[in-house]
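Analysis of the macromolecular model
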Amino acid sequence: MAVGAAPWRRAMAALEPVGIQLYTLRRLMQQDVERTLAAVAEIGYREVEFAGYFDQTPKRVRAILETHGLQAPAAHVGFPDLGDGWNRVLDMASEIGHRYVVTPWLSERQRTEDGYLRAAEVFNEAGAAARARGITFGYHNHDFEFVPLAERLPFDILLDETDPTLVLFELDLFWITKAGHDPFQYFARYPGRFPLVHVKDMRADGAMVDVGQGGIDFGRVIARATQAGIRHYFVEHDNPEDPLLTARRSFQYLRRLGG
């Protein structure tokens, strides 16, 4: 074995288990939640991240997951859910078994310096309430957090103004790459802040494609997992033509990458 190969193999082993963000399969989830989760498990996924429950009760969601050998360490919820309904969200998260609850979006009207600063305050408050329940709160980026404001990037504001013991981040590898920024610089500047990543690929023309059909170096990301704090990898494609084919192709690519 070549020098340095053992650490590389250990890094690749950290890719297990591979998960999927169910937003990729939302059309199928709308039709039949259990059938969709069964198909995901059949492909080989062992973790899922929810983006809505499609009228299923927490008890029913947990039963379906257990039936098909799945775990759901994380779920996405909207920014408005961090207000008066936050305790109810945390109740549902606890019942289902989520360890992370993530907000994936800020509205256009919030995308000012004052708006990001206020969002950071809300995130700290939500994070404190979540931690008291044994749950971690996080934020998921798109590309708009990298549009410069007067002095700082919005993403930097959110990272700098949130308490690292209360608020962690889910780094979307497609969107940070599309915005022209380097995830590895953020891993170095904010070590341990990124326990979750979205594994999404980008073609040279900027189009979103199935994992393995673009140019993002996921092996390099996995090799920096310890520095970044990565614990969970969720495949995602925002608008796949064939969601299950995308899920299968992406899973198979990552399994090959992991050796």
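Residues numbered from 1 in each chain as written. Predicted model: local features only at pLDDT ≥ 70, side-chain atom pairs only at ≥ 80, totals over all residues. Heavy atoms only, no water.

**Here's the deal with the side chain of T36**
Tracing the backbone through its elements, the reader meets T36 in helix α3 (residues 33-43). Given a relative accessible area of 5%, T36 falls into the buried group. Leaving out residues up to four positions away in the same chain, T36 has contacts with L25, L28 and M29. (Helix = DSSP H or I, 4+ residues; strand = E, 2+ residues; numbered from the N terminus. Buried < 20%, exposed > 50% of the residue type's maximum accessible area, 1.4 Å probe, protein only. Contact = heavy atoms within 4.5 Å.)

**Considering the confidence of the model for the protein**
Mean pLDDT over the protein works out to 94, with 94% of the residues at or above the 70 mark. Across residues 1-8, where pLDDT falls below 50, the model places four contacts with residues more than four positions away in sequence or in other chains. (pLDDT = per-residue confidence, 0-100.)

**Some points on the pattern of salt bridges**
Evaluated as defined, the whole model comprises 14 salt bridges. D32 serves as the salt-bridge partner of R35, at 4.0 Å between the closest nitrogen and oxygen. By relative accessible area, D32 is classed as partly exposed at 29%. Connected via shared salt-bridge partners are D172, K200, E236 and D238. (Salt bridge = Lys/Arg side-chain N within 4 Å of Asp/Glu carboxyl O.)

**What to know about the layout of surface pockets**
Empty space within the largest pocket amounts to approximately 330 Å³. Contributing to the lining of the largest pocket are 19 residues, with Y23, A51, H76, P104 and H142 lying nearest its centre. Grouping the constituent residues of the lining of the largest pocket by class yields six nonpolar, eight polar and five charged. Roughly 150 Å³ of internal volume is contained in the second largest pocket. Forming the boundary of the second largest pocket are M208, V209, D210, Q213, H237, N239, P240, E241, D242, L245, T246 and R249. Contributing elements (two or more residues each) for the lining of the second largest pocket: β9 (208-209) and α12 (243-257). (1 Å grid on protein atoms, 1.4 Å probe; cavity = no way out; pocket = protein on both sides within 12 Å on 5 of 7 lines; lining within 4 Å. Points joined across faces, edges and corners; volume = space filled by probe spheres on them. Nonpolar A, V, L, I, M, F, W, Y, C, P; charged D, E, K, R; others polar.)

**Let's talk about the packing of aromatic side chains**
One pass over the full model with this rule turns up 17 aromatic pairs. Judged by centre distance (5.4 Å) and plane angle (35 degrees), the rings of F50 and Y53 are tilted. Judged by its relative accessible area of 17%, Y53 is buried. An angle of 65 degrees between the planes, with centres 6.1 Å apart, marks the rings of F79 and F123 as edge-to-face. (Phe/Tyr/Trp six-rings, centres within 6.5 Å; stacked < 30°, edge-to-face > 60°.)

**Comments concerning unusual backbone geometry**
A positive phi angle, near 55 degrees, is found at F54, a position not held by glycine. The backbone phi angle of D55 is positive, close to 70 degrees, even though this residue is not glycine. As for its position among the elements, D55 is in the loop between β2 (47-50) and α4 (58-67). A relative accessible area of 82% means that D55 is categorised as exposed.

**Focus on the nonpolar core**
Judged by nonpolar contacts, the single largest core of 79 residues is most densely connected at L37, V48, F50, W86, F123 and F194. Looking at which element gives the most residues to this core, the answer is helix α6 (residues 113-131), with seven residues. Excluding its chain neighbours within four sequence positions, the residues that come into contact with F123 are F79, L82, L106, F137, Y139, L158, T162 and V167. If you look at the next biggest cluster of nonpolar residues, it comprises five residues, including A74, Y100, V102 and L196. (Core = buried A, V, L, I, M, F, W, Y, C linked by side-chain atoms within 4.5 Å.)

**Looking at the pairing of strand β6 (residues 167-172)**
For β6, the buried fraction is high: six of the six residues fall into the buried class. A two-sided burial pattern is seen for β6, the buried positions comprising V167, F169 and L171 on one face and L168, E170 and D172 on the other. Note that the unit made of strand β5 (residues 136-140), helix α7 (residues 154-161) and β6 has a crossover that is right-handed. Note: β6 against strand β7 (residues 196-199), three bridges, orientation parallel. Residue pairing for β7: E170 is matched across the bridge by L196. (Right-handed = clockwise from strand over helix to strand, strands pointing away. Pairing = 2+ DSSP bridges.)

**Points about the sheet that holds β2**
Consider a sheet: its strands pair through backbone hydrogen bonds, and that pairing is either parallel or antiparallel. The sheet built from eight strands closes into a barrel, its strands ordered β1-β2-β3-β4-β5-β6-β7-β10 with parallel pairing. Strand-to-strand twist in this sheet, taken as the mean axis angle between neighbours without regard to direction, amounts to 30 degrees. Here β7 runs beside strand β10 (residues 232-235); their pairing, made up of four bridges, is parallel. Looking at the pairing, V199 lines up with V235 of β10. (Axes fitted to C-alpha atoms, helices over the stretch in contact; angles between N-to-C directions.)

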